[in-house]
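This is what each chain is made of:
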Number of protein chains: 2
Amino acid sequence: MRTLNKPNILILGGGYGGIMSAVRLQKELGSDEANVTLVNKHNYHYQTTWLHENAAGTLHHDKTRIMIDDIIDMNKINFVQDTVVEIKKDEKRVILENQELTYDYLIIALGADPETFGIQGLKEHAFSIRSINSVRKIREHIDYCFARYNNDGKRDELITIIVGGAGFTGIEFVGELADRVPELCREYDIPREKVRIVNIEAAPTVLPGFDEELVEYAINNLERRGIEFLVNTPIKECSEDGVLLATGEEIKASTVVWTGGVRGNHLIENAGFETMRGRVKVDKDLRMPGYDYIFVAGDCALIIDEEANRPYPPTAQIAIQQAYTIGRNLKSLINGSNELETFKPDIKGTVASLGKGEAIGKVGNKKLFGATASAMKKVIDNRYLYLLGGIPMVIKKGKLKLF
Amino acid sequence: MRTLNKPNILILGGGYGGIMSAVRLQKELGSDEANVTLVNKHNYHYQTTWLHENAAGTLHHDKTRIMIDDIIDMNKINFVQDTVVEIKKDEKRVILENQELTYDYLIIALGADPETFGIQGLKEHAFSIRSINSVRKIREHIDYCFARYNNDGKRDELITIIVGGAGFTGIEFVGELADRVPELCREYDIPREKVRIVNIEAAPTVLPGFDEELVEYAINNLERRGIEFLVNTPIKECSEDGVLLATGEEIKASTVVWTGGVRGNHLIENAGFETMRGRVKVDKDLRMPGYDYIFVAGDCALIIDEEANRPYPPTAQIAIQQAYTIGRNLKSLINGSNELETFKPDIKGTVASLGKGEAIGKVGNKKLFGATASAMKKVIDNRYLYLLGGIPMVIKKGKLKLF
């Protein structure tokens, strides 16, 4: 319930940054201190970092999504299920599809849009791993293509899957496909060797920026399981028939999944904020430059790693940490203090899954391979569930079979 | 192994008529009496009468298919996995995709083709329930359409399913859909009331020829579960957008499944035999008129019900009974007798399933409804498995939960 004299805090987006901001504010603020409203398109939050498994069909999407009323206390936080249409920054208003909301403080945590780098036809013809809706569509599309194969003239393109981009998501996705495709072959009576899974990357290596030894382990592992890699190979065009490479070669494929990168949400640019690839270079305390009452979290916030002199990648880990800082900083502001905390990411480690029981990663200076890395990945996933909803949430949605 | 002086018996098709002929010949004939060869496209037989469940997604197709080497003794019967291309009746040769075979006796049990009654676009745009391949394609197509709904603008046609024909298969199929669709709605976050399942029939009633009281029970049951019926309504045209009715009304639907009838296999007409809707009006002993050494079984054989003065419907029950007669008649011929048995169908009963635990039927003069009819249907299915492979086959593939 909104009451006079209490500031209205509006959170846009229920992804990692948004939902954790809500959870933190629920903890940090008494109900007499502020009205907090969370706006999200769906009545569920989802683990973006697990979506590649849903897309491949190795994990059901209901494992990946969590009902919002399982996370936040609806008596303390107002929840509005609606889609954000426009942010009117200077009027402190937000237009939703079905209503308008005003705010005193705003947290923008709207997540990413796919970055297609202007590649022709990609937006229209490639699938992307971005939401529960989009990934179950990928799963069913692949299933349907396999089901068509023995009916529709055994055309190779029906069982050719192209994954554009060999970054984190691309590699994790082909790892799941390597697990899933043999099952699909059994289901639809298709010889495994007929199926092609091709990972195409414009950069000279897969997992750019990753430790070389780990990358080599990953490539060897995936190639052994039937993944083809084409690095140093930009995609020139995507059509409903497949892709045309910059080399002039054409690969026919009924399924093209683009994982080649993300940018900040277009609503931020549309609102007139200054962005770089849709992201806002936020102040040290995570506020929008020039807008003391707006915070930015997650994929829409650009933070420079001063040591490496480049932006931190937009990860779940950082989004979650930002929510903690935003929670404390908002509490300070509401209590009349202007001493805000500086956000500093604390990178605990990075692990990329390569499928069931296989992963690579780095935790501190320690490199992890295979089953150990895979177990660490699950520990990280479970830790997030713990932050979200404590032990009960870990039990409900956790990946508890570590080995 | 083929040996000189032993006649070669060739069976074309591994459906009910063909596989049961093989089973019967394996029993009736000693291995010194004849060489028996079964030709089938796949290395499995399938229960055509269960395919509507696979198409709806309520039963996995592996329950419906049985590996041929689980049914026949490969040491006694030669099995050739190949597709029949042409029957050269006067040369006693059959052309397969990969080889040619000669015969002394032939059993044609090639099954049915869909009968589209010349409706424009039906062959190209409608699915049909006819094989393992075709039904798992239907299942995945429907799944994919539901998965697309929340991505692709919530277009009604994506979740509209038209079933053309309200005969046996059409009614059994919509009964399964009534069970399946609520599951799909949960899976893809779609309100059940948005989904349309429309059964369209040109004749004035559903299940033409069936007992009126049973038909009324079926319609009430199915309407209560969300099936719409349009009887007396011929389909004029089918396109990728849906159907155009003879009334001028258009119904947009991404899925059109045609169950409106079958005709005999085109290979029989192509071979130059005289047919009615692709079926051969066989002699009383099931031989091809004018061809003493060719038998016809199953959907390709036309048998007149003298009492009703119309053809018996092409059912599994009759095909199985024909195989018994053909087995005995072939044994007589090989033993030099010309006294062949006359085939007379013994209609034990007819039960149409309406989904899980629901059916209607008539056994003798007794009408069956609901759970009783459903249990009887399973008894019939299990009896066939018993005829095919004895108790072990019933245990392996049977429908053992009767209630």
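Residues numbered from 1 in each chain as written. Chains lettered and ligands numbered in written order. Predicted model: local features only at pLDDT ≥ 70, side-chain atom pairs only at ≥ 80, totals over all residues. Heavy atoms only, no water.

Trainee: So, a nonpolar patch on the surface: which residues are in play, and what are the values?
Mentor: On the surface, a cluster of nonpolar side chains totalling about 330 Å² of accessible area is made up of Tyr386(A), Ile391(A) and Ile395(A). Position of Tyr386(A) relative to the elements: it lies in helix α11 (residues 370–397). (Patch = residues over 30% accessible without salt bridge, like charges linked within 9 Å, V, L, I, M, F, W, Y side chains within 5 Å. Areas by Shrake-Rupley, 256 points an atom, 1.4 Å probe, with all protein chains shown as cover. Salt bridge = Lys/Arg side-chain N within 4 Å of Asp/Glu carboxyl O. Helix = DSSP H or I, 4+ residues; strand = E, 2+ residues; numbered from the N terminus.)

Trainee: Hey, could you go over the pairing of strand β18 (residues 255–258) of chain A for me, with residue numbers and the actual values?
Mentor: Regular strands have side chains that alternate between both faces of the sheet. All names here are of chain A. Both faces of β18 are covered, namely the face carrying Thr255 and Val257 and the face carrying Val256 and Trp258. Inspection of the sheet shows strand β11 (residues 127–128) paired to β18 by 2 bridges, in the parallel sense. Opposite Phe127, over in β18, you have Val257 as the bridge partner. (Buried < 20%, exposed > 50% of the residue type's maximum accessible area, 1.4 Å probe, protein only. Pairing = 2+ DSSP bridges.)

Trainee: Before we move on, could you go through the packing of helix α1 (residues 16–28) of chain A against helix α10 (residues 316–334) of chain A and cite the residues and values that matter?
Mentor: Helices that pack against each other are described as a pair by the angle of their axes relative to one another and the distance between those axes. All names here are of chain A. Close contact between α1 and α10 brings their axes to 8 Å; oriented N to C, the two are set at 35 degrees. Crossing hand, α1 versus α10: right-handed. Where α1 abuts α10, its residues Tyr16, Gly17, Met20, Ser21, Arg24, Leu25 and Glu28 lie against Ala316, Ala319, Ile320, Ala323, Tyr324, Ile326, Gly327, Arg328, Leu330 and Lys331. (Axes fitted to C-alpha atoms, helices over the stretch in contact; angles between N-to-C directions. Left-handed = near helix turned anticlockwise from the far one by under 90°. Contact = heavy atoms within 4.5 Å.)

Trainee: If you had to explain the domain arrangement of chain A to someone new, which residues and values would you point to?
Mentor: All names here are of chain A. In terms of domains, chain A is made up of domain 1 (8–41 + 82–114 + 262–346) and domain 2 (117–260 + 348–403). Summarising the inter-unit geometry, the C-alpha centres of domain 1 and domain 2 are found 30 Å apart. Listed per partner, the contact involves 13 residues of domain 1 and 8 residues of domain 2. Between domain 1 and domain 2 the total buried area reaches about 920 Å² when both faces are included, carbon and sulfur atoms providing 56% of it. Seen at the junction of domain 1 and domain 2, the total is 2 salt bridges. Here Lys348 ties to Asp346 by a salt bridge, and the two come within 3.0 Å at their closest N and O atoms. The tally of links between domain 1 and domain 2 comes to 3 residue pairs in polar contact (both at pLDDT 80 or more). The residue makeup of the side of domain 1 that touches domain 2, split by class, is 8 nonpolar, 2 polar and 3 charged. (Domains from an automatic or database assignment. Buried area = accessible area lost by both parts, 1.4 Å probe. Polar contact = N/O pair within 3.5 Å; in protein donor to acceptor, adjacent residues only side chain to side chain. Nonpolar A, V, L, I, M, F, W, Y, C, P; charged D, E, K, R; others polar.)

Trainee: Mind laying out the relation of the copies chain A and chain B, listing which residues take part and the relevant values?
Mentor: Mapping chain A onto chain B calls for a screw motion: a turn of 180 degrees about the axis and a shift of 0.1 Å along it, with 0.0 Å RMSD after fitting. Accordingly, the operation relating the two chain copies is best matched by a two-fold axis. When the interface residues of chain A are mapped onto chain B, 100% of them are again interface residues, pointing to one common binding face. (Least-squares fit on C-alpha atoms with pLDDT ≥ 70 in both.)

Trainee: Kindly report on the side chain of Lys399(A), identifying the contributing residues and their values.
Mentor: Residues and elements named next belong to chain A. With respect to the secondary-structure elements, Lys399 resides in the segment after α11. Within the local environment of Lys399, its side chain forms a polar contact with the side chain of Glu53, the two groups lying 2.7 Å apart. Ignoring sequence-local partners within four residues, the contact set of Lys399 consists of Trp50, Glu53, Leu59, Lys378, Asp381 and Asn382.

Trainee: Requested: an account of the interface of chain A and chain B, with residues and values cited.
Mentor: Opposite the 23 residues of chain A that make contact, chain B presents 23 residues. Between chain A and chain B, the buried area comes to about 1,800 Å², and carbon and sulfur atoms account for 40% of it. With a closest N to O distance of 2.9 Å, Lys137(A) and Asp152(B) form a salt bridge. Where chain A packs against chain B, one counts 26 residue pairs in polar contact (both at pLDDT 80 or more). Where the side of chain A that touches chain B is concerned, the elements lending two or more residues are α6 (132–149) and α7 (168–188) of chain A. For the side of chain A that touches chain B, the leading source of residues is α6(A), giving 11 residues.

Trainee: Summarise the nonpolar core; cite the residues concerned and give the values.
Mentor: Core analysis: the biggest nonpolar cluster contains 92 residues, and Phe146(A), Phe173(A), Phe146(B) and Phe173(B) have the highest contact counts within it. Those residues in contact with Phe173(B) that lie beyond four places of it in its chain are His52(B), Ala55(B), Ala56(B), Ile129(B), Ile138(B), Val163(B) and Val257(B). Ile77(B), Phe295(B), Ala316(B) and Leu340(B) belong to the second largest nonpolar core, which has 72 residues in total. (Core = buried A, V, L, I, M, F, W, Y, C linked by side-chain atoms within 4.5 Å.)

Trainee: How would you sum up the sheet that holds strand β9 (residues 105–108) of chain A? Please name residues and give values.
Mentor: Residue and element names in this part refer to chain A. Reading across from one edge, β5-β2-β1-β9-β22-β21 is the order of the 6 strands in this open sheet, with mixed pairing throughout. At either end of the open sheet lies a strand with only one pairing partner, and these are β5 (77–81) and β21 (287–288). Looking at chain direction, strand β1 (residues 8–12) and strand β2 (residues 35–40) are connected through 5 bridges and run parallel. For Ile11, the partnering residue across the bridge sits in β2 and is Leu38. Contacts between α1 and the sheet are confined to β1, β2, β5 and β9, with β1 contributing the most and set at about 150 degrees to the helix. With respect to the sheet, α10 is in contact with β1, β9, β21 and β22 (291–296), its orientation differing from that of β22 by roughly 160 degrees.

Trainee: So what's going on with the pattern of salt bridges? Residues and values would help.
Mentor: Going through the model one piece at a time under the given rule, you end up with 64 salt bridges over all chains. With a closest N to O distance of 2.5 Å, Arg93(A) and Glu91(A) form a salt bridge. On the basis of relative accessible area, Glu91(A) is assigned to the partly exposed category, the value being 46%. The salt bridge partner of Asp381(A) is Lys399(A), with a shortest N-O separation of 3.7 Å. With Asp381(A) in helix α11 and Lys399(A) in the segment after α11, this pair connects stretches of sequence that are 18 residues apart. The class for Asp381(A) is buried, based on a relative accessible area of 8%. Under the relative-accessibility criterion, Lys399(A) is labelled buried at 13%. The network of salt bridges with common partners includes Asp62(A), Arg65(A), Arg136(A) and Asp189(B).

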